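Breakdown of the fold
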Amino acid sequence: RGWGEMEPLNGSAAGRSDTCFGVFNASDAHNNAQNSITSPWFSTAFGLIGLCSNLFALCVLLSSSRKLSSRARSSFLVFLCGLVVTDFMGLLVTASVIIPYHFIKFAWAEVDPGCHLCNFLGFSMVFFGQCPLLLGATMAGERFFGINHPFSRSTNISKRRAWSIVGLVWGFSCLLGLLPVLGLGRYTLQYPSSWCFLTLLPDTGNIVFCLLFALLGIFSVLLSFVFNTVSVVTLCRVYHDRAAVQRRRDSEVEMMVQLVGIMIIATICWMPLLIFIVQTVLQQLPAGSRIQMLPTETQKMLLIYIRMVTWNQILDPWVYILFRRAVLQRVYPSLRPRPSILSLYPVLNPSLRRKLTAN
């Protein structure tokens, strides 16, 4: 079908451009209710697996944080804890709306005529979607400065300061999610009428918001890639240095392995959606504001990419659960605790070494 050949939704609110309804053909959604990609078991299974995984990871994180004395490791665990909490709450909030719809099949226009529930769900999708990407970039930046500038006073992040940074990320993502409520773009019901997200229609507000969301996410992933690449190269140089073979920074290596795993998962799960949003919005620019509805194929592709994003929230906690030294040492018994980052600098003034060790 062409961009403008779709039938409007039934109901007075369906065809209005200022509501959260009418951006796809609802009759197609009902006709394809048995389609595998719209099956309620997808949402139910993903939600339960993700909630259990993040809850388990949170318990492991809290248990590990009580046993640590290293400030660098403690601050990294704070960022990881913020990431796990974000993923857990994101799954909990979105699943509490999406899963009941799949089993009840309520009419959105009747249950939510003012679009308040749709706006809340759209805000949740943007907030809990952007937070992990920004937290991943923040963690990569913290490790970059911690590894490449280990003795800089600014790299000694306390737990309180780390939580403050996590709070700033949450606050920024919250502000981003509120932009449609404040007038920039709008959230609309998406195929198959079970969730709300940003609108891929070619008017100025929607275009700006879609590009802002997608480009910010792409920038976060690329920034994580740059920081992590430099950090990994630095650690590889240390690891293969003959004079430093016996002075490996196991803690730093462990953190980087986990961080690279998080980055790879975020790239695989998020980049297809972000690129699809940019591509779809830019392709519509020549059509101006004539497009009132999205074709079914576009909505189906958007749903498939959102399914991929859900895997990010499921796999993130397992990166920490599986790639810990306690687990890796069982697989590779040769891994043993070794001196920390200070061992890289054996020629340091003894008084400075004592001071840094005490700190």
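These numbers were taken from a predicted model, which means no experiment stands behind them.

Observations concerning the pattern of salt bridges
- Evaluation of the coordinates by the stated rule reveals 1 salt bridge.
- Among the ionic pairs, Glu142 bridges to Arg143, the shortest N-O distance being 3.1 Å.

Remarks on the confidence of the model for the protein chain
- Residues with a pLDDT of 70 or more make up 70% of the protein chain, whose mean pLDDT is 77.
- For the protein chain, per-element mean pLDDT is lowest for helix α1 (residues 26-31), which scores 51, and highest for helix α6 (residues 159-182), which scores 92.
- Predicted confidence is poor over residues 338-349, with pLDDT under 50, and the contacts of this stretch with residues over four places away or in other chains come to 26 contacts.

Comments concerning the state of the cysteines
- Following the criterion strictly, the structure yields 1 disulfide and no others.
- Disulfide pairing places Cys118 opposite Cys196 at an S-S distance of 2.0 Å. An S-S torsion of about -120° defines the bridge between Cys118 and Cys196 as left-handed. Within this pair, whereas Cys118 is found in helix α5 (residues 116-148), its partner Cys196 is found in strand β2 (residues 195-198), the two being separated by 78 residues in sequence.
- Classification of Cys118 as buried rests on a relative accessible area of 0%.

Points about the environment of Ser74
- In this structure, Ser74 sits in helix α3 (residues 71-104).
- The class of Ser74 is buried, set by a relative accessible area of 9%.
- Here the alpha-carbon distance between Ser74 and Ser64, two residues 10 residues apart in the chain, equals 9.2 Å.

Quick look at the side chain of Ser75
- Structurally, Ser75 can be placed in helix α3.
- On the accessibility criterion, Ser75 (1% relative accessible area) is buried.
- Dropping the residues within four chain positions of it, Ser75 is found in contact with Glu142, Ile157 and Ala162.

Observations concerning the UniProt feature "transmembrane region" (unreviewed entry) in the protein chain
- In this structure's numbering, the residues bearing the UniProt feature "transmembrane region" (unreviewed entry) are residues 41-64, 76-101, 121-141, 162-185, 205-238, 259-282 and 302-323.
- In residues 76-101, helix accounts for 100% and strand for 0%; the two terminal C-alpha atoms are 38 Å from one another.
- In residues 162-185, the share of helix is 88% and the share of strand is 0%. The end C-alpha atoms are 32 Å apart.

What counts, and at which threshold
- Residues numbered from 1 in each chain as written.
- Predicted model: local features only at pLDDT ≥ 70, side-chain atom pairs only at ≥ 80, totals over all residues.
- Heavy atoms only, no water.
- Salt bridge = Lys/Arg side-chain N within 4 Å of Asp/Glu carboxyl O.
- pLDDT = per-residue confidence, 0-100.
- Helix = DSSP H or I, 4+ residues; strand = E, 2+ residues; numbered from the N terminus.
- Contact = heavy atoms within 4.5 Å.
- Disulfide = S-S within 2.5 Å.
- Buried < 20%, exposed > 50% of the residue type's maximum accessible area, 1.4 Å probe, protein only.
- UniProt positions renumbered as here; feature names shortened; annotations may be inferred.

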